[in-house]
Amino acid sequence: MSDLWRRCLERLEGELNAEDLHTWLMPLQARDDTHGLQLFAPNPYTLDMVRDRYLARIETVISQLTGHDLTVKLEVGSSSPRATASGKAAIVQPKAAPAPAPVAVAEPAAPSFTHNLDPHYTFETFVEGKSNQLGKAAAMQVAMNPGRAYNPLLLYGGTGLGKTHLMHATGNLMRERNPDFKVLYLRSEQFVGSMIEALRTKSMDEFKRRFRSVDALLIDDIQFFAGKDTTQEEFFHTFNALFESKQQIILTCDRYPKEVDKLEPRLKSRLGWGLSVAIEPPDFETRAAILLSKAHDKGVAVGENVAMLLAKRIRSNVRDLEGALNTLAARANFYGKPITIDFAEETLRDLLATHAQAVTVPNIQKTVADYYQVRLQDLLSKRRVRSLARPRQIAMALSKELTEHSLPEIGEAFGGRDHTTVLHACRTIKKLCETDTRMRQDWEQLIRILTG
Ligand SMILES: Nc1ncnc2c1ncn2[C@@H]1O[C@H](COP(=O)(O)OP(=O)(O)OP(=O)(O)O)[C@@H](O)[C@H]1O
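Residues numbered from 1 in each chain as written. Predicted model: local features only at pLDDT ≥ 70, side-chain atom pairs only at ≥ 80, totals over all residues.

- Per an unreviewed UniProt entry, the protein chain carries the name Chromosomal replication initiator protein DnaA and comes from Dyella jiangningensis.
- Under the UniProt heading Sequence similarities (unreviewed entry), the note attached to the protein chain is "Belongs to the DnaA family." (UniProt positions renumbered as here; feature names shortened; annotations may be inferred.)

## Here we look at the environment of Arg-177
Next, step 1: For Arg-177, the position within the fold is in helix α6 (residues 163-177).
Next, step 2: The exposure class assigned to Arg-177 is exposed, which follows from the 11 C-beta atoms found within 10 Å.
Next, step 3: Residues Arg-177 and Met-144 lie 33 residues apart in sequence; the distance between their C-alpha atoms is 8.0 Å. (Helix = DSSP H or I, 4+ residues; strand = E, 2+ residues; numbered from the N terminus. Buried ≥ 20, exposed ≤ 12 C-beta atoms within 10 Å, placed from the backbone.)

## Structural notes on the confidence of the model for the protein chain
Next, step 1: Looking at the protein chain as a whole, its pLDDT mean stands at 86, while 90% of the residues score no less than 70.
Next, step 2: Under a pLDDT of 50 for its full length, residues 82-111 has, in the predicted model, 60 contacts with residues more than four places off or in other chains.
Next, step 3: If you check the scores for this complex, the pTM reads 0.65 and the ipTM reads 0.99. (pLDDT = per-residue confidence, 0-100. Contact = placed C-beta atoms within 7 Å.)

## Comments concerning the sheet that holds strand β8 (residues 216-220)
Next, step 1: A sheet is described by the order of its strands in space; here five strands give the open sequence β7-β8-β9-β6-β10, paired in parallel fashion. Only two strands of the sheet have a single neighbouring strand rather than two, namely β7 (183-187) and β10 (275-278). For this sheet the average axis-to-axis angle between neighbouring strands, irrespective of direction, equals 15°.
Next, step 2: With four bridges joining them, strand β6 (residues 153-156) and β10 adopt parallel strand pairing. The residue of β10 that forms the bridge with Leu-154 is Ser-276. (Pairing = 2+ DSSP bridges. Axes fitted to C-alpha atoms, helices over the stretch in contact; angles between N-to-C directions.)

## Thoughts on the pairing of strand β9 (residues 248-253)
Looking down a regular strand, the side chains alternate between one sheet face and the other.
Next, step 1: Among the six residues in β9, six count as buried, and that is most of the element.
Next, step 2: Residues Gln-248, Ile-250 and Thr-252 line one face of β9 and the alternating positions Ile-249, Leu-251 and Cys-253 line the opposite face, and both faces are buried.
Next, step 3: With four bridges joining them, β6 and β9 adopt parallel strand pairing. Counted as the bridge partner of Leu-154 is Leu-251 from β9.
Next, step 4: Relative to β9, β8 runs parallel, the two being bridged by four bridges. The residue bridging Leu-217 from the neighbouring strand is Ile-249, located in β9.
Next, step 5: Taking the sense of rotation as the criterion, the β-α-β connection linking β8, helix α9 (residues 229-244) and β9 turns out right-handed. (Right-handed = clockwise from strand over helix to strand, strands pointing away.)

## Brief notes about the packing of helix α11 (residues 284-298) against helix α13 (residues 318-335)
Two packed helices can be described by the angle between their axes and the distance between those axes.
Next, step 1: Between α11 and α13, the shortest axis-to-axis distance is 10 Å and the interhelical angle comes to 45°. As the angle between them shows, α11 and α13 are arranged oblique. In the crossing of α11 with α13, the sense of the turn from one axis to the other is right-handed. Contacts between α11 and α13 involve Arg-287, Ile-290, Leu-291, Lys-294, Ala-295 and Lys-298 from the former and Val-318, Leu-321, Glu-322, Leu-325 and Ala-329 from the latter.
Next, step 2: Residue composition of the contact of α11 with α13, by class: seven nonpolar, no polar and four charged. (Parallel < 35°, antiparallel > 145°, perpendicular 65-115°, else oblique. Left-handed = near helix turned anticlockwise from the far one by under 90°. Nonpolar A, V, L, I, M, F, W, Y, C, P; charged D, E, K, R; others polar.)

## What about unusual backbone geometry?
Next, step 1: Geometrically, the link from Asn-151 to Pro-152 is a cis peptide bond, its omega value of 0° lying close to zero.
Next, step 2: The topology assignment puts Pro-152 in the loop between α5 (133-144) and β6.
Next, step 3: Phi is positive for Lys-246, which is not a glycine, with a value near 60°.
Next, step 4: Within the secondary structure, Lys-246 is located in the loop between α9 and β9.
Next, step 5: Its 11 C-beta neighbours within 10 Å are what place Lys-246 among the exposed residues.
Next, step 6: In this model, Lys-262 sits at a positive phi of 60°, which is unusual for a non-glycine residue.
Next, step 7: Within the secondary structure, Lys-262 sits in the loop between β9 and α10 (265-271).
Next, step 8: Exposure remark for Lys-262: the 11 C-beta atoms within 10 Å place this residue in the exposed category.

## A few points about helix α18 (residues 386-402)
Next, step 1: In a regular helix each residue adds 1.5 Å, so 17 residues correspond to 24 Å; α18 covers 24 Å between its end C-alpha atoms and thus fits that length.
Next, step 2: Of the surrounding elements, those touching the buried residues of α18 are α16 (361-372), α17 (376-379), α19 (407-413), α20 (419-435) and α21 (437-451). (Expected span 1.5 Å × (residues − 1).)

## Section: the site of the ligand
Next, step 1: Within the structure, the ligand sits among 18 residues, and Thr-159, Gly-162, Lys-163, Thr-164 and Val-318 are positioned closest to it.
Next, step 2: Those elements that provide at least two residues to the shell around the ligand are α6 and α13.
Next, step 3: Residue composition of the shell around the ligand, grouped by class: five nonpolar, eight polar and five charged.
Next, step 4: When we break the shell around the ligand down by domain, the ones giving at least three residues each are domain 2 (133-278) and domain 3 (284-358). (Near = placed C-beta within 6 Å. Domains from an automatic or database assignment.)

Structural data, given as structure tokens:
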């Protein structure tokens, strides 16, 4: 990779979120020569996005890095000399000074395949807990034995729980073990965008070649394929081609794919050929460990007490937890203060209040009643029919999980029941979640509704 471009990316890393960076900027190839830097987008769709959203900023950063006022233009293509032989290049020119800009020394021509994995998303930076243990183990297996261990590997679960992280970690490990391994990561919107562009420019053959020539294809958030029939058709053929030649496919979805409406049955059936693993919301200890690990990686001094405060109060997902940490770090830096419990509570008062708000026992009762379509007064009554008893137990267990109330207090809130009844409910639901998929999905969905 061009040294100048690498330095530019490093600078932008601190400004853009990881997702945008690896979606739009990392796929760009770059080449610098005595005249300047050339940037190549893999397709017109990416080119448009980069030009509209990032080009001005890239120009500024390049100018800062080189000390010259440079103009950057883009084209679709590749940085390998063969691909640019059309002579369209000469992309960076000094805006004012006629003299050639002194830029970084050119490296040998880059390989024609540029992987676009986020180097920060690795297994080392992924904190393991009960909620993601299986997913991590499966992903590692796939990285060690691509195309053969589980194909496809499908990671599913709610937003911000680490699916994308694990996917990149798998790709990164594959490439660490074999640097020539071609791993292509895309969000499903990019797949759709590339396909639309290929249809428009009548370059479907090129599109097919691009996706079928990789060793591993990683597609994020495939729920976006729902209702897009032509995309599904094309993806179906891509899938078959890759699968047959034992190229690895890794996918993520925000729920169990069988539950995604408007996804073709034959595609759903293919998705089930390999291994589907749920990534669940992390428990308290894992949330605290993730927070401490993120703080360590970012060089932010956060004590265990602060990590525990955030982990206790922010249960929705890891992304929110990380967002809170970033806010704290930025404020502490600005005011030059250490991150104490008081500082954290003060700084995040509104945010913590929002997270606390939803999770009260009455709120849980109402949410569970709505979810199972029973009347609230029946849920709180003494009636023991199964259609009420199970939702009631779930509501009790959720109250224990999501609030600070004691067992007797929860019993009291459920029509004056004994604390042993609540304890029994908690144990029953915990056991059921381990053995009954449906139950576990209901539980996770309710947690998402209550904490999202
Ligand atoms: N177990 C974990 N250890 C370390 N970081 C984690 C873990 N789980 C999630 N994260 C971090 O949380 C953030 C969100 O994770 P990620 O983007 O992978 O979520 P996701 O499940 O793909 O969400 P979405 O469905 O919205 O794309 C990332 O910064 C990721 O590094």
